[in-house]
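Topology and contacts: notes
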Amino acid sequence: GSFEYGSGVVGGVVRLETIDPEDVTGGETGLALRQTVEFQTNGNGVTTSTIGAWQVNEDLGFMFNYVDRSLGFPEDGNGDVINPGRDRIDDPSWLIKGKYRFGDDKAHSLEASFQETQSSQFDVPYDSFGNLTFFGNVDREIESKTTILSYGYNPLNDLVDLSLQYSHVDEVITQAAVSCPGSPPAPTSICSDLLDADHEYETTTLTLKNTAFFQTGALVHDLTTGIEYINRERVNAFAAPGGEDERWAFFAVNEIDIGEAWTVTPAIRYESSTVKGDTAPNDGTFSEDALMGGLSLRYAFGNGFAVFGSAAYTEVMPIIDDLEFPGRVTRSEKSRSYEVGFSYERRGALRAGDQLALKVNYFDSELWDVNSFVDATAAQNPLEEIRTEGVEIEASYAMENGFYIDLNATLAEGEEVTQAGLVSDWRNQAADNLRLTVGKVFNDIYDLSWEVVSADAITVNGVRDAGYTAHNLRATIAPKGKGVWENTEFRVGIDNVFDEQFTPNLATRPAVGRNFKFTLAKTF
């Protein structure tokens, strides 16, 4: 299904969709308000979220959301301020949305939304990969404005579920140099200009797609096809050449059920790209196209046990930045990935009324003609391949008396290969990690849980990151009574209960120390 949303995807897609007004009002006409307030002790943080909805009638509804997050100066497990060089964070964001249904059987729908978000990053590396450390750190402010207009047509016809969506995103990234150390030495003027560079993007996307449900013999199809146009423009900056990236894509994803056991899902995506620079010496033009696809298979045995596997090939199309590196624009980055695993889900697995779910997945991915990762040594010995493999485990168990256990773990390893054939550990390899939650629900009112988050030590190319184990506690209370307590929820939590001092693998700063949190949410 990833090919529906873009090229260059390895490992899947996480898709977030804004709720509709009727989700806030419970499907009833009238007004509804949901207010959430959270306080945290470490850094004196306060977050508020207000969601208001007005369902005028069953056809028309409006929704508004405003979030404000403020945070002072959190401390690590040793009691030291984690980032003393930055300012206090104050990041507001807001959203407004409307939805209207009309026509016979309400088959037509119109939606419109506008969202504006702000985020602050203080004293962070200019290079997010952490390789070009001689450029030092920056204060970064990001402001994004997103407009979405969509039309839907879903008549009483299994062959038609049509949508046409237009989106426009304005993004401004403002940066100011904090430090410019120079290791190796970098000219102060160049470094300062580079770090002070402001980036501006405008991205317009138009997507037309249809989902059809039909049957051919013993095969039941759920077929989604679509065509997409993407245009991204960037204003020229010292560190980011301006230009335009224009793309057209066609995609098709067909989920096919064969009886009650087999599910076969083939998918393809064809994408063409034309990149034009508008500032010398990066004012060239180049085009690229690629045909990508994959296939997944699943077989269910009928007793709760199932096996599955998939194979996929995708490409990362060249981008505007590649105009600065003529040797790279002649090729896209390719990748292939394989997955195989099994799942098991059953009620009454160990005792009456319980529920057990387990999923184990092995993955093996390879990227070659690497363009997306470039470090300070790229000119001398650039990367050619990146290989990763590992196992993901998900498990949950719940008893009829409210006791439950959730477990997630990832065990992985990786290596990188340069164009000269040198093989070493993949420098951005994540450490093996585990997350375990044990809890109990009492009378559908109280939910108490203990969470353990642990990562193993990892040594990559002679550099060792120490492992760690942190403990978190949660208590959620959702009163069932009428009156003032109706639709009210309280949550009390303690993150990093034992004030553990650690720096997560691939992070540049220590984690936050012990942190008490209190959240109050109520729907009116």
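Everything numeric in this text was worked out from a predicted model, so none of it was measured. (Residues numbered from 1 in each chain as written. Predicted model: local features only at pLDDT ≥ 70, side-chain atom pairs only at ≥ 80, totals over all residues. Heavy atoms only, no water.)

**Quick notes on the pattern of salt bridges**
Applying the stated criterion across every chain yields a total of 23 salt bridges. A salt bridge links Asp20 to Lys99; its shortest N-O distance comes to 3.2 Å. Placement of Asp20 in the segment before helix 1 (21–25) and of Lys99 in strand 4 (residues 89–102) is noted, with a sequence separation of 79 residues between them. In this structure, Asp20 and Lys99 share a single accessibility class: buried. Among the ionic pairs, Glu385 bridges to Arg387, the shortest N-O distance being 3.0 Å. Residue class for Glu385 comes out buried when judged on its relative accessible area of 17%. When its relative accessible area of 32% is taken as the criterion, Arg387 is described as partly exposed. Linked by salt bridges that have partners in common, Glu228, Asp245, Arg247, Arg269 and Glu271 make up one network. (Salt bridge = Lys/Arg side-chain N within 4 Å of Asp/Glu carboxyl O. Helix = DSSP H or I, 4+ residues; strand = E, 2+ residues; numbered from the N terminus. Buried < 20%, exposed > 50% of the residue type's maximum accessible area, 1.4 Å probe, protein only.)

**Observations regarding the pairing of strand 16 (residues 383–398)**
In terms of strand pairing, strand 15 (residues 355–368) meets strand 16 through 14 bridges, oriented antiparallel. Bridging from a neighbouring strand, Trp368 pairs with Glu385 of strand 16. (Pairing = 2+ DSSP bridges.)

**Notes on the side chain of Asp354**
Tracing the sequence through the fold places Asp354 in the loop between strand 14 (333–347) and strand 15. For the buried Asp354, which has no salt bridge, the nearest side chain bearing the opposite charge is Arg351, at an N-O separation of 5.5 Å. Looking at Asp354, its side chain comes within polar contact range of the main-chain nitrogen of Leu350, at 2.9 Å. Polar contacts involving the side chain of Asp354 include one to the main-chain amide nitrogen of Arg351, which spans 2.9 Å. Excluding anything up to four places from it in sequence, Asp354 contacts Arg346, Arg347, Gly348, Ala349, Tyr397, Ala398 and Met399. (Lys, Arg positive; Asp, Glu negative; His and termini not counted. Polar contact = N/O pair within 3.5 Å; in protein donor to acceptor, adjacent residues only side chain to side chain. Contact = heavy atoms within 4.5 Å.)

**Focus on the pairing of strand 10 (residues 243–258)**
Examined bridge by bridge, strand 9 (residues 219–234) and strand 10 share 16 bridges and lie antiparallel to one another. Across the sheet, Ile230 pairs through a bridge with Arg247, a residue of strand 10. With 14 bridges joining them, strand 10 and strand 11 (residues 262–277) adopt antiparallel strand pairing. Its bridge partner being in strand 11, Glu246 is matched across the sheet by Thr274. Linkage of strand 10 to strand 11, two consecutive antiparallel strands, is achieved through a turn of three residues, within which Gly259 is found at a positive phi near 65 degrees.

**A short note on the packing of aromatic side chains**
Using the criterion set out here, one finds ten aromatic pairs in the structure. Seen in terms of ring centroids, Phe301 and Phe305 are 5.6 Å apart; in terms of plane orientation they differ by 40 degrees. Their pairing is tilted. Phe305 gets classed as partly exposed once you look at its relative accessible area, which sits at 29%. Arranged with centres 6.3 Å apart and planes meeting at 40 degrees, the rings of Tyr313 and Trp368 form a pair that is tilted. (Phe/Tyr/Trp six-rings, centres within 6.5 Å; stacked < 30°, edge-to-face > 60°.)

**Side note on the side chain of Asn65**
By the element assignment, Asn65 lies in strand 3 (residues 60–71). Classification of Asn65 as buried rests on a relative accessible area of 17%. Polar contacts involving the side chain of Asn65 include one to the main-chain carbonyl oxygen of Thr50, which spans 3.1 Å. Setting aside residues up to four positions removed in sequence, Asn65 forms contacts with Ser49, Thr50, Ile51, Ser93, Trp94 and Leu95.

**So, the confidence of the model for the protein**
On average, residues of the protein score 88 in pLDDT, and 89% of them reach the 70 mark or higher. Throughout residues 129–134 the model reports pLDDT below 50, and contacts reaching past four residues in sequence, or to other chains, amount to 18 contacts. Within the model, the stretch residues 182–189 combines pLDDT values under 50 with six contacts to residues more than four positions away or in other chains. (pLDDT = per-residue confidence, 0-100.)

**Describing empty space enclosed by the protein**
This structure, assessed with the given rule, holds one cavity of 30 Å³ or more. Space inside the largest cavity adds up to approximately 30 Å³. Forming the boundary of the largest cavity are Gly8, Val10, Thr314, Glu315, Val316, Glu333, Lys334, Ser335 and Leu367. Elements with a contribution of two residues or more to the lining of the largest cavity: strand 13 (305–316) and strand 14. Residues that form the lining of the largest cavity fall into these classes: three nonpolar, three polar and three charged. (1 Å grid on protein atoms, 1.4 Å probe; cavity = no way out; pocket = protein on both sides within 12 Å on 5 of 7 lines; lining within 4 Å. Points joined across faces, edges and corners; volume = space filled by probe spheres on them. Nonpolar A, V, L, I, M, F, W, Y, C, P; charged D, E, K, R; others polar.)

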